[in-house]
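# Inside the fold
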Amino acid sequence: AQKVTQAQTEISVVEKEDVTLDCVYETRDTTYYLFWYKQPPSGELVFLIRRNSFDEQNEISGRYSWNFQKSTSSFNFTITASQVVDSAVYFCALANAGGTSYGKLTFGQGTILTVHP
Amino acid sequence: DTEVTQTPKHLVMGMTNKKSLKCEQHMGHRAMYWYKQKAKKPPELMFVYSYEKLSINESVPSRFSPECPNSSLLNLHLHALQPEDSALYLCASSQGFFEKLFFGSGTQLSVL
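These notes cover the structure that comes with them.

## Description of the overall build of chain B
Counting its secondary structure elements, chain B contains zero helices and 11 strands. Starting at the N terminus and walking to the C terminus, you meet the elements of chain B as β-β-β-β-β-β-β-β-β-β-β. Taken over the C-alpha trace, chain B has a radius of gyration of 13 Å; the compact-globule value for 112 residues is 13 Å, and the two agree within 12%. The principal-axis extents of the C-alpha atoms in chain B amount to approximately 35 × 25 × 20 Å. Taking as baseline every contact in chain B between residues at least 6 positions apart, the subset at least 24 positions apart corresponds to 54%. Carbon and sulfur atoms make up 50% of the accessible area of chain B, which amounts to about 5,400 Å² in all. Each charge sign in chain B was given a centre, from 12 positive and 10 negative side chains, and these centres are 6 Å apart.

## Observations concerning the interface of chain B and chain A
Taken together, the contact between chain B and chain A spans 18 residues of the former and 20 residues of the latter. Summing the contributions of chain B and of chain A, the shared interface buries around 1,700 Å²; its carbon and sulfur component is 64%. Taken as a group, B:Pro42, B:Phe98 and B:Phe103 account for 38% of the area that chain B buries against chain A, more than any other trio of residues on that side. At the junction of chain B with chain A, the criterion picks out two salt bridges. A salt bridge links B:Glu58 to A:Lys104; the shortest N-O distance between them is 2.8 Å. Elements that contribute at least two residues to the side of chain B that touches chain A include exactly β4 (31–37) and β9 (87–94) of chain B.

## Side note on unusual backbone geometry
Glycine aside, negative phi is the norm for most residues, and most peptide bonds take the trans geometry. Here the bond from B:Thr7 into B:Pro8 is cis, since omega is -10 degrees, no more than 30 degrees from zero. At A:Ala81, a residue that is not glycine, the phi angle is positive and equals roughly 50 degrees. As for its placement among the helices and strands, A:Ala81 is situated in the loop between β9 (74–79) and β10 (88–96). On the basis of relative accessible area, A:Ala81 is assigned to the partly exposed category, the value being 31%. Of note in this structure, B:Ala80 is not a glycine but carries a positive phi near 55 degrees. Within the secondary structure, B:Ala80 is located in the loop between β8 (73–79) and β9.

## Section: the pairing of strand β6 (residues 46–52) of chain A
All names here are of chain A. Relative to β6, strand β5 (residues 32–39) runs antiparallel, the two sharing six bridges. When the sheet's bridge partners are listed, Trp36 is paired in β6 with Ile49. Between β5 and β6, which pair antiparallel in sequence order, lie six residues; one of them, Gly43, sits at a positive phi of approximately 105 degrees.

## A look at the packing of aromatic side chains
Taken as a whole and assessed by the stated rule, the structure comprises 19 aromatic pairs over all chains. With a centroid separation of 5.7 Å and an interplanar angle of 75 degrees, the aromatic rings of A:Phe68 and A:Phe75 are classed as edge-to-face. Ring pairing ties together the aromatic residues A:Phe35, A:Tyr37, A:Phe47, A:Phe91, A:Phe107, B:Tyr33, B:Tyr35 and B:Phe103, which thus form one cluster.

Quick notes on the rules
- Residues numbered from 1 in each chain as written.
- Chains lettered and ligands numbered in written order.
- Predicted model: local features only at pLDDT ≥ 70, side-chain atom pairs only at ≥ 80, totals over all residues.
- Heavy atoms only, no water.
- Helix = DSSP H or I, 4+ residues; strand = E, 2+ residues; numbered from the N terminus.
- Rg over C-alpha atoms; globule rule 2.2 N^0.38 Å.
- Contact = heavy atoms within 4.5 Å.
- Areas by Shrake-Rupley, 256 points an atom, 1.4 Å probe, with all protein chains shown as cover.
- Lys, Arg positive; Asp, Glu negative; His and termini not counted.
- Charge placed at Lys NZ, Arg CZ, Asp CG, Glu CD.
- Buried area = accessible area lost by both parts, 1.4 Å probe.
- Salt bridge = Lys/Arg side-chain N within 4 Å of Asp/Glu carboxyl O.
- Buried < 20%, exposed > 50% of the residue type's maximum accessible area, 1.4 Å probe, protein only.
- Pairing = 2+ DSSP bridges.
- Phe/Tyr/Trp six-rings, centres within 6.5 Å; stacked < 30°, edge-to-face > 60°.

Dropping the structure here:
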């Protein structure tokens, strides 16, 4: 079985603050893929990043950074100097490359981020 | 063209109606998906087509019937829906199962 937990239901920050969105996953497979997607108010989900289970390198893309730690089964997402346009629902997701869940993408419950001006 | 196009954007139907949702992509992706999303909830996988063959069906009720006429098109036929089926229906495509998904903007469905 696979499971993704995003414990933070809602986060509210003021523009220019840094914010970290937590993601904890559970899987029995050794090969899996982790994703983050953003869903702005318009409704269309937008891909942000993909990581496979063999690549624990952290990644930075502009104001976005991701911290993948297999030891704690976490894949956290940090936005530096947040902006109003970052307001959205953010989903962490997991896809196993084995077992009965092969190919199925399981989403966490999502974190609603509101950035106030 | 990196778009997934869904039509219609909004749909209201009665419980006895038959309607279809359409999805199109021209990125050459061979995997296409239908997801259902209720308000304030994550997307839930319904169906996956790989190379135009149904490869995953998440025990979806038979009142939802998917169809993949060719590698660019994906349909979801709806019949005798229930009010609890009201939701945002999202189509997505990808190069493969573990590649990033490109999502359409969805069809907001209301069943009266």
